[in-house]
Amino acid sequence: MTTVTAPATTAGSSVPVVPGRAVTRLGVRQIRRGALIVVALAAGMTALVAATYDSIMADPAAAGSLQALAGNPAIRTLFGEPVALDTTGGFTVWRVGTVIAVLLGVWAILATTRITRGEEDAGRWDVLLSGRVTLRAAVIRHVAAVMTATVAAGGAVSVVLLLVGAPSAGALVHGAGVGLLGLYFVAVAALAGQVFPARAAATGTAVAVLGVGLLLRMVGDGIIDLGWLRWLSPFGLLALSSPFHQDRILPLLVLLAATALVTATAVGAAGHRDVRGGLVATSSGRQARLLLLGSVEAFAVRRLSRPWTGWALGIGAYYLLIGATAVSITEFLADNPALAGEAANAGFAELGAVEGFTATLFAILALPVGGFTAVRMGAFITAETDRQMTLLSAQPVSRLRLLGAELLATAAGAVALATVAGALTWAGVAAVSGRLGLLAAAQGAWNILPIVLLSLAAAALAAGWAPRATAVAGALPATGGFLLLVIGESVDAPGWVRNLSPFAHLAPVPLHTVDWPATLMMTGIAGAMIAAAMIGYQRRDLRS
Amino acid sequence: MNSDFALRTAGLTKRYGRLTALDDLTLEVCAGEVFGFLGPNGAGKSTTIRLLLGLARPTAGQAWVFGVGAADVARAHRLLAYVPADVALWPQLTGAEILHLQASTGPGVDYAYQAELVERFELDLSKPARTYSTGNRQKVALVAAFATRAPLLVLDEPTSGLDPLMERVFRTAVAAARDRGQTVFLSSHQLAEVEAVCDRVAILRAGRLIQVAPIGELRGLHRSEVTLTYTGQPPNLDTIAGVQDVRQPGEGRLRFTLTGPPGPALTALADADITALAVREPSLEEIFLDYYGTEAVR
Ligand SMILES: Nc1ncnc2c1ncn2[C@@H]1O[C@H](COP(=O)(O)OP(=O)(O)OP(=O)(O)O)[C@@H](O)[C@H]1O
Ligand SMILES: [Mg+2]
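Quick caveat, the model's predicted, so the values are computed rather than measured.

Calculation notes
- Residues numbered from 1 in each chain as written.
- Chains lettered and ligands numbered in written order.
- Predicted model: local features only at pLDDT ≥ 70, side-chain atom pairs only at ≥ 80, totals over all residues.
- Heavy atoms only, no water.
- Helix = DSSP H or I, 4+ residues; strand = E, 2+ residues; numbered from the N terminus.
- Buried < 20%, exposed > 50% of the residue type's maximum accessible area, 1.4 Å probe, protein only.
- Contact = heavy atoms within 4.5 Å.
- Areas by Shrake-Rupley, 256 points an atom, 1.4 Å probe, with all protein chains shown as cover.
- Lys, Arg positive; Asp, Glu negative; His and termini not counted.
- Charge placed at Lys NZ, Arg CZ, Asp CG, Glu CD.
- Axes fitted to C-alpha atoms, helices over the stretch in contact; angles between N-to-C directions.
- Parallel < 35°, antiparallel > 145°, perpendicular 65-115°, else oblique.
- Left-handed = near helix turned anticlockwise from the far one by under 90°.
- Nonpolar A, V, L, I, M, F, W, Y, C, P; charged D, E, K, R; others polar.
- Expected span 1.5 Å × (residues − 1).
- Pairing = 2+ DSSP bridges.
- Patch = residues over 30% accessible without salt bridge, like charges linked within 9 Å, V, L, I, M, F, W, Y side chains within 5 Å.
- Salt bridge = Lys/Arg side-chain N within 4 Å of Asp/Glu carboxyl O.
- Buried area = accessible area lost by both parts, 1.4 Å probe.
- Polar contact = N/O pair within 3.5 Å; in protein donor to acceptor, adjacent residues only side chain to side chain.
- Domains from an automatic or database assignment.
- Near = heavy atom within 4 Å.

Colleague: For the overall build of chain B, give the residues involved together with the corresponding values.
Modeller: If you tally the helices and strands in chain B, you get 10 helices and 14 strands. Oriented by its inertia axes, the alpha-carbon framework of chain B measures out at about 75 × 40 × 35 Å. The burial tally for chain B puts 52% of its 298 residues in the buried class. By sequence separation, contacts in chain B at least 24 residues apart represent 69% of the contacts at least 6 residues apart. For chain B, the exposed surface amounts to about 12900 Å²; the carbon and sulfur share of it is 50%. Measuring between centres, the 29 positive side-chain charges of chain B sit 8 Å from its 33 negative side-chain charges.

Colleague: Outline the packing of helix 8 (residues 168-195) of chain A against helix 11 (residues 250-270) of chain A, listing residues and values.
Modeller: Residues and elements named next belong to chain A. The N-to-C vectors of helix 8 and helix 11 enclose an angle of 25°; their axes lie 8 Å apart at closest approach. Taken together, the axis directions place helix 8 and helix 11 in an arrangement best described as roughly parallel. Of the two possible hands of crossing, helix 8 and helix 11 adopt the one that is left-handed. Residue-level contacts link Val173, Ala176, Gly177, Leu180, Leu181, Leu183, Tyr184, Ala187, Val188, Ala190, Leu191 and Gln194 of helix 8 to Leu252, Leu255, Leu256, Ala258, Thr259, Val262, Thr263, Thr265, Ala266, Ala269 and Ala270 of helix 11. Residues that form the contact of helix 8 with helix 11 fall into these classes: 18 nonpolar, five polar and no charged.

Colleague: How would you summarise helix 21 (residues 516-539) of chain A if you had to cite specific residues and measurements?
Modeller: Note on helix geometry: an α-helix contains 3.6 residues per turn, so any two residues three or four positions apart are oriented the same way. All names here are of chain A. In this model helix 21 runs 35 Å from its N-terminal to its C-terminal C-alpha over 24 residues, within 8% of the 34 Å that 1.5 Å per residue would give. Taken residue by residue, helix 21 has Ala518, Thr519, Met522, Ala526, Met529, Ile530, Ala533, Met534, Gly536 and Tyr537 as its buried positions. Those residues of helix 21 hidden inside the fold are in contact with helix 14 (354-385), helix 16 (399-431) and helix 18 (449-465).

Colleague: Provide a residue-level description of the pairing of strand 9 (residues 200-205) of chain B, including the pertinent values.
Modeller: Residues and elements named next belong to chain B. Most of strand 9 is tucked away: six of the six residues are buried. Side chains Arg200, Ala202 and Leu204 of strand 9 all project onto a buried face; the interleaved residues Val201, Ile203 and Arg205 project onto the opposite face, where all are buried too. With four bridges connecting them, strand 3 (residues 34-38) and strand 9 associate as parallel partners. In the strand pairing of strand 9, phenylalanine 35 is matched with arginine 200. Sheet topology note: the strand 9/strand 10 (residues 208-214) ladder contains six bridges and is antiparallel. Considered in strand 10, the bridge of alanine 202 is made with valine 212. Following strand 9, the chain reverses through two residues before pairing antiparallel with strand 10; alanine 206 in that reversal takes a positive phi of roughly 50°.

Colleague: How would you sum up the sheet that holds strand 14 (residues 273-280) of chain B? Please name residues and give values.
Modeller: Residues and elements named next belong to chain B. An order of 12-13-11-14 is seen for the four strands of this open sheet, with the pairing classed as antiparallel. Each end of this open sheet is capped by a strand with a single partner; those strands are strand 12 (243-250) and strand 14. Neighbour to neighbour, the strand axes of the sheet diverge by 20° on average, direction disregarded. When strand 11 (residues 224-231) meets strand 14, the two strands line up antiparallel, connected through seven bridges. When the sheet's bridge partners are listed, leucine 228 is paired in strand 14 with leucine 277.

Colleague: Describe a nonpolar patch on the surface, with residues and values.
Modeller: On the surface, a cluster of nonpolar side chains totalling about 780 Å² of accessible area is made up of Trp228, Trp231, Leu232, Ile249, Leu250, Leu253, Val254 and Leu256 of chain A. Within the element layout of this structure, isoleucine 249 of chain A appears in the loop between helix 10 (234-240) and helix 11.

Colleague: Provide a residue-level description of the interface of chain B and chain A, including the pertinent values.
Modeller: At the interface, 37 residues of chain B touch 40 residues of chain A. Here chain B packs against chain A, burying approximately 3300 Å² in sum over the two surfaces, 57% of which is carbon and sulfur. Ranking the residues of chain B by area buried against chain A places Leu55, Trp90 and Arg130 of chain B at the top, with a combined share of 20%. Ionic pairing is found between lysine 14 of chain B and aspartate 541 of chain A, a salt bridge with its closest N-O pair at 2.7 Å. Along the contact surface separating chain B from chain A lie 19 residue pairs in polar contact (both at pLDDT 80 or more).

Colleague: Describe the domain arrangement of chain B, listing the residues and the values that go with them.
Modeller: For chain B, the assigned domains read domain 1 (5-219) and domain 2 (223-281). Each of domain 1 of chain B and domain 2 of chain B has a C-alpha centre, and the two are 44 Å apart.

Colleague: Please provide a residue-by-residue account of the sheet that holds strand 5 (residues 68-69) of chain B, values included.
Modeller: Residue and element names in this part refer to chain B. With antiparallel pairing, four strands are arranged side by side in an open sheet as 2-1-4-5. Looking at which strands have only one partner, the edges of the open sheet turn out to be strand 2 (19-30) and strand 5. Relative to strand 1 (residues 5-16), helix 1 (residues 45-52) is tilted by about 115°, and along the sheet it contacts strand 1, strand 2 and strand 4 (60-65).

Colleague: For the pattern of salt bridges, give the residues involved together with the corresponding values.
Modeller: Residue and element names in this part refer to chain B. Applying the stated criterion across every chain yields a total of 23 salt bridges over all chains. In this structure, the salt-bridge partner of glutamate 116 is arginine 120, at a minimum N-O distance of 2.8 Å. Placement of the pair is glutamate 116 and arginine 120 together in helix 4 (residues 111-120), with a separation of four residues, close to one helical turn. Residue classification places arginine 120 among the partly exposed residues on the basis of a relative accessible area of 27%.

Colleague: I'd like a rundown of the site of ligand 1, residues and numbers included.
Modeller: Residue and element names in this part refer to chain B. Neighbouring residues of ligand 1: 13 residues in total, closest Gly42, Lys45, Ser46, Thr47 and His189. Within the backbone of glycine 42, an N or O atom sits 2.8 Å from an oxygen atom of ligand 1. Between ligand 1 and glutamate 157 there is a distance of 3.1 Å, counted from an oxygen atom to a side-chain nitrogen or oxygen. Contact with the protein chains removes 62% of the 630 Å² of surface that ligand 1 exposes when unbound. Broken down by element, the shell around ligand 1 gets its largest block of residues, three residues, from helix 1. Per-class residue counts for the shell around ligand 1 are five nonpolar, six polar and two charged.

Colleague: How would you sum up helix 8 of chain A? Please name residues and give values.
Modeller: Compared with an ideal rise of 1.5 Å per residue, which puts 28 residues at 40 Å, helix 8 of chain A spans 40 Å between its outermost C-alpha atoms and is within 8% of the ideal. The element helix 8 of chain A is largely enclosed, with a buried count of 22 among its 28 residues.

Colleague: Describe the packing of helix 12 (residues 296-335) of chain A against helix 14 of chain A, naming the residues involved and giving the relevant values.
Modeller: A packed helix pair is summarised by two numbers, namely the angle formed by the two axes and the spacing between the axes. All names here are of chain A. Packing of helix 12 against helix 14 brings their axes to within 11 Å, and their N-to-C directions diverge by 165°. As judged from the angle between their axes, helix 12 and helix 14 are roughly antiparallel. Judged by the twist between their axes, the crossing of helix 12 over helix 14 is right-handed. Here the contact of helix 12 with helix 14 is built from residues that sort into 20 nonpolar, three polar and two charged.

In structure tokens form, the structure reads like this:
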């Protein structure tokens, strides 16, 4: 990233700034913090898993049984096709390759639509484009900024793999694949940003493309006969490149070609539309829909409903899949005691029972649902900054009620998301005639709500005292806590460090019963944070 | 608390770091009057309004809306309606939906009058706000504010995006509000508009209040230019209060500026043989340029 900012900083005020370069600098400035985090995460997670490889593989029995994983369709569906697990590189790619790819893809989409369509939507491009810079040039330069970051992330993954001594061909293929996948989603988001005149629609569409791509990869990996589906998905192409095994270049070339095509289409589209317009015209008029406009609380629900549907679709599809594969995986693990023992050592106790398996995966539910609360509170602050909140703030409604309405609606949305996940897990298990009670599934999903509440409270606290940090603060308890626990366990950190993570206090429900003292403790802390948030929000100036 | 005042501030001060955006403002706006709030860019007008609405918290001092503390927004906002300087609307809602949202969360609406205003402002309510122009966004906020029964309207440069035709509709609406007994607090850069609708004006410069006066008196506070022709001896004006810059532009002609009450000057002129007299009042623009000064820019 520094190579991009360097020329900008040397262009002092005395030198006339080239307008195009100023636009690039603007784009870079808006994403650099997130870019640094994503690159660091991609490199860090890769390094971490690669470092733990030797200790896991010290036991030859474990190594052998890991190989047996390759045969199980359910495992392949959820975690990808395990290849070359007997090498550091292959094992690392299997464990975190998909996670990093999804993370990078999601960040690429959010960053791209935020700095292109989002800025344009907010009217901030009107001034920018009144100068010598064309709309098309502005789009190209902003997209290039995000693309640079994704390439850096792929490069970082390659470098880390090379540093831990993995074969260079595999390291390069995997790094290139990750980088290309990032590029592809930047291009998709850029195109969506040209087609739709609103940021939410553009982001939603691009995320849907990502979700479908992931699903195609899962189905293609799980069902051998449908393996060709993977050629249609960027995640599938990443798997087909088979790093450290076959090191195939062709899938990467296909991904490169697709990226180039989508990018060219996006750039072409940018040249054929108006500023603030899209290829899809906004409806020029429609009947008023007065539902949920009667109070600030109702309006908070209304603003939530559309994004909620998107989150529910994504989370629901994933947990339906988990439910449907749970029986197969647990039976497989039960038949392979060595493997089950290995999993237990790695902290996945009793994966051999459906309850144990789902309990483990319900814990992860805290990440997307916590993320949902952080993103929604971030949107609340964005509405304030963009001055849409001003007219409501001038109504006879106390600040307490304004923030309270948002918190209530978001909390209700989070509970509903968890319920959807629980119900669809149950439905998935029931569809393959497994045995898991609906209530047990729901309890497993609800068990993570204290962590979600902590996320919401952290986001609210930031909204009250340091509004610019809202989304990041909201991501700390769930995503930060999860990473802290995983990293803490990997490096054998002292107990108190691991205990900082809320995940350390989560009972595996429905395998065991809810840990009520811990649940009440977390809820209490969240309550105190929300009270502090209210005080801050009432005292501060609105940012408009 | 005295509720004869629609708005009252005492020592209201707002600092942003080292910048003092508003410095010790003490002001009273009577119920029922149309009050103009003027000043150059960055003078602190919008800051004052944000403090009055409790959108920002004062560094020092206090403000009241009909005797209710400005910080108690749930009560104070029941008494007012607001049009911000730069109107941003929820992009996905149509004009009709925004009016409905404002009406159902606001201090009460006269729906018949609202429909009339929509008609007069020629507003298409079926469009999503994303597609509204600057002027149309402003009109939505104006219709929402004028249609309320709130006794106080706080308008921050509400006509900056309106065309001359709509500007006229706006003036009519302000007059109607005054007739209904509503108080109007109007921040504006349009001097003609201020002159047409305001009873009193306050002038702010660099965060400080420098003048509050009825609009008619503003002129009186200022120099007018007197030109006269005479025969015989020129009148002696050397020691007359308020007379300055006495010049003789030609034979039998005299020009001077007059500040304050004209009595003493007229007395002095009565002794001379004056054949013609012309008094030119300064334009409002000249008055404001005088007030705004050049150092005000920051
Ligand atoms: N949130 C803020 N942070 C820092 N400074 C601010 C902030 N809001 C306003 N200011 C400063 O306070 C001063 C007064 O601004 P204000 O918006 O009140 O001016 P104004 O009289 O409304 O000007 P205009 O006629 O241009 O609307 C300006 O110098 C402005 O830069
Ligand atoms: Mg202003």
